[in-house]
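Observations on chain architecture
Spelled out from the first residue to the last, the chains are:
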Amino acid sequence: MVAMSTVTASAARTVSERRRWAMLAVSTAAQAAASVAINGAAFLIPVLVHDRGLSLTQAGTVAALPLIGVLCTLLLWGAAVDRVGERAVLLAGLGGTALAGVAATLVDGTAALGATLFLAGAFAASTSSAGGRVVVGWFPPERRGLAMGIRQMAQPAGVGIAAVSIPVISAHEGVAAALAVSPIAALAAAAAVLVIVLDPPRPERAIEHTANPYRGSSYLQRIHVASILLVVPQFLVWTYALVWLLDDRGWAPAQAGLLVAATQLAGALGRIASGQLSDVVGGRMQPMRWIAIAAVVSMALLGLTAWLGWAVSILLLAAATTITVADNGLAFTATAERAGPYWSGRALGVQNTAQYLTAALCAPIAGASITHLGHPATFALSALFPLAAIPLVPVRGERPLA
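This is a predicted model, so every value here is computed, not measured.

1. Observations concerning the overall build of the protein chain
A count of helical and extended segments in the protein chain gives 20 helices and 0 strands. Against the 2.2 N^0.38 benchmark of 21 Å for 402 residues, the protein chain shows a C-alpha radius of gyration of 20 Å, consistent with a compact globule. Overall, the protein chain is about 60 × 45 × 35 Å in size when its C-alpha atoms are taken along their principal axes. Partitioning the intrachain contacts of the protein chain with sequence separation of at least 6 by distance along the chain shows that 85% fall at a separation of at least 24.

As structure tokens, then:
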């Protein structure tokens, strides 16, 4: 298999430095818009419970429907990226996300709302492989960790946008008005893609370029499994932090939304820092293992202090939110680098499908756990998942960056 640096070395001679960073910015914006569509429904949970009479488990299921849409289409979008290119997939996906988002603002009833949220997630899934490939294709290995860290900050940034806007709008103007945030973001991102993004060049097809990277090594499989385990506490705090602040801590929706948004900003900065750290140490997996250890500690302490009712639990929520998202860019970059230019779309599809499937299951299961055990116990139990991930991170199997 040819190293990804072969591709980027050629690419670096065809665009200016300014254009390369502009494409990174647009890729980040596209992923942020997708994140609003995928994760924004979680911030409707209080309104769905208190105003529409749904149980917490039912509301969590509605919030999980965009994630289910994502996991149903990620592999298809990844294959499309490998075949037709990144720009076309981004435009098609963001356009579909906007249309589904508009439909969500117009429908009546929980079932119809769930269907449109599912479609929005299905189209928003396009940005994951396509946007990631834009970054991997245009940046050299020694700068790719930082670049991907910047791009991966889009996911918590999108959650932060949703946290600031959706709870307040839904409380004052209703669900339909709050849902308008997503299509507006998707349309703005699609316009930027149309103007700025170019497909990165690839080497000519050859056996070494197209060989199946899953054969002969368990490296990619171990990344996938470790990422599945690490995503559990991430989506737990993303989905239920607002509910915990409102119901257990007695915060107002605006204050709780601002805190969640601030923790998402911290998480975004954490992804940049972890990406830069991976460039400095010359590998993605050792920092990923360090993050797994930190996730165990932060989630266990969050559960303990929340159970005791200590005010420091608020700070630990912020710390846990920052830590639990920091590994995503590392795993994403390592997957693309190992898979190569003609398999990375599908490999990234597998990576993200596994994570989103776990996230989709996490929302209703965690809702049931919180209903029966409470937030503190659920927070503490989630620490078991990163604990199991620590020995699975393939530190020894990683190749030097080149």
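2. Remarks on the environment of isoleucine 166
If you trace the backbone, isoleucine 166 turns up in helix 9 (residues 154-173). According to the relative accessible area criterion, isoleucine 166 is buried, its value standing at 5%. Taking the C-alpha atoms as reference points, isoleucine 166 and glutamine 276, 110 residues apart in sequence, are found 32 Å from one another. Filtering out sequence-adjacent residues up to four positions away, isoleucine 166 remains in contact with Gly40, Phe43, Leu44 and Ala178.

3. Quick notes on the domain arrangement of the protein chain
Under the domain assignment used here, the protein chain contains domain 1 (16-201) and domain 2 (217-401). Here domain 1 and domain 2 have C-alpha centroids that lie 19 Å from each other. Counting residues at the interface gives 46 residues for domain 1, matched by 52 residues for domain 2. The interface formed by domain 1 and domain 2 includes 2 salt bridges. Aspartate 82 serves as the salt-bridge partner of arginine 346, at 2.9 Å between the closest nitrogen and oxygen. Elements that contribute at least two residues to the side of domain 1 that touches domain 2 include exactly helix 2 (17-39), helix 3 (45-50), helix 4 (56-84), helix 7 (126-138), helix 8 (141-152) and helix 9. For the side of domain 1 that touches domain 2, the residue count by class is 26 nonpolar, 14 polar and 6 charged.

4. Thoughts on the packing of helix 2 against helix 8
Two elements in contact, helix 2 and helix 8, have axes whose closest approach is 8 Å; the angle formed by their N-to-C orientations is 40 degrees. With respect to each other, helix 2 and helix 8 are oriented oblique. Facing helix 2, whose interface residues are Glu17, Arg20, Trp21, Leu24, Ser27, Thr28 and Gln31, helix 8 presents Arg143, Ala147, Ile150 and Arg151.

5. Some words on the state of the cysteines
The final tally for this structure, using the stated rule, is 0 disulfides. Note on cysteine 72: no disulfide assigned, nearest cysteine sulfur contributed by cysteine 362 at a separation of 18 Å. Its relative accessible area of 44% is what places cysteine 72 among the partly exposed residues.

6. Quick notes on the side chain of threonine 305
By the element assignment, threonine 305 lies in helix 15 (residues 285-308). Classification of threonine 305 as buried rests on a relative accessible area of 5%. Among the polar contacts listed, one links the side chain of threonine 305 to the backbone oxygen of leucine 302, at a separation of 3.3 Å. Not counting chain neighbours up to four residues away, the residues in contact with threonine 305 comprise Trp310, Val312, Ser313 and Leu316.

7. Observations regarding the packing of aromatic side chains
Enumeration according to the criterion identifies 2 aromatic pairs in this entry. Looking at arginine 346, its charged tip hangs above the ring of tryptophan 343, at a distance of 4.2 Å from the centre.

8. Details of the confidence of the model for the protein chain
Of the residues in the protein chain, 94% reach a pLDDT of 70 or more, and the chain-wide mean stands at 86. By mean pLDDT, the top-scoring element of the protein chain is helix 20 (residues 384-389) (96), and the lowest-scoring one is helix 1 (residues 4-12) (39). Every residue in residues 1-13 scores below 50 in pLDDT, and together they form 34 contacts with partners more than four places removed in sequence or on other chains.

9. Some remarks on helix 17 (residues 328-339)
Its 12 residues give helix 17 an end-to-end C-alpha distance of 17 Å, which sits within 8% of 16 Å, the value for a rise of 1.5 Å per residue. When you tally the buried positions in helix 17, you get 12 out of 12 residues, the bulk of the element. Positioned one or two residues after helix 17, glycine 340 has a phi angle of 90 degrees, which is positive.

10. What about the side chain of threonine 378?
Of note, threonine 378 is situated in helix 19 (residues 375-381). Judged by its relative accessible area of 6%, threonine 378 is buried. Setting aside residues no more than four positions away along its own chain, threonine 378 makes contact with Leu236, Ala366, Ser369 and Ile370.

11. Thoughts on empty space enclosed by the protein
This model, assessed by the stated rule, comprises 4 cavities of 30 Å³ or more. Around the largest cavity sit 15 residues that line it, and Gln152, Gln155, Asn352, Gln355 and Tyr356 are the ones nearest its centre. Going through the elements one at a time, helix 8, helix 13 (219-247), helix 17 and helix 18 (344-373) are the ones with two or more residues in the lining of the largest cavity. When residues in the lining of the largest cavity are grouped by element, the largest group, 4 residues, is from helix 18. Its residues assigned to classes, the lining of the largest cavity comprises 4 nonpolar, 9 polar and 2 charged. When residues of the lining of the largest cavity are assigned to domains, at least three map to each of domain 1 (16-201) and domain 2 (217-401). Size it by volume and the second largest cavity reaches roughly 120 Å³. Around the second largest cavity, the lining is made up of 15 residues, and of these Val36, Ala37, Leu117, Leu179 and Ser182 lie nearest the centre.

Criteria and thresholds
Residues numbered from 1 in each chain as written. Predicted model: local features only at pLDDT ≥ 70, side-chain atom pairs only at ≥ 80, totals over all residues. Heavy atoms only, no water. Helix = DSSP H or I, 4+ residues; strand = E, 2+ residues; numbered from the N terminus. Rg over C-alpha atoms; globule rule 2.2 N^0.38 Å. Contact = heavy atoms within 4.5 Å. Buried < 20%, exposed > 50% of the residue type's maximum accessible area, 1.4 Å probe, protein only. Domains from an automatic or database assignment. Salt bridge = Lys/Arg side-chain N within 4 Å of Asp/Glu carboxyl O. Nonpolar A, V, L, I, M, F, W, Y, C, P; charged D, E, K, R; others polar. Axes fitted to C-alpha atoms, helices over the stretch in contact; angles between N-to-C directions. Parallel < 35°, antiparallel > 145°, perpendicular 65-115°, else oblique. Disulfide = S-S within 2.5 Å. Polar contact = N/O pair within 3.5 Å; in protein donor to acceptor, adjacent residues only side chain to side chain. Phe/Tyr/Trp six-rings, centres within 6.5 Å; stacked < 30°, edge-to-face > 60°. Lys NZ or Arg CZ within 6 Å of the ring centre and 35° of its normal. pLDDT = per-residue confidence, 0-100. Expected span 1.5 Å × (residues − 1). 1 Å grid on protein atoms, 1.4 Å probe; cavity = no way out; pocket = protein on both sides within 12 Å on 5 of 7 lines; lining within 4 Å. Points joined across faces, edges and corners; volume = space filled by probe spheres on them.

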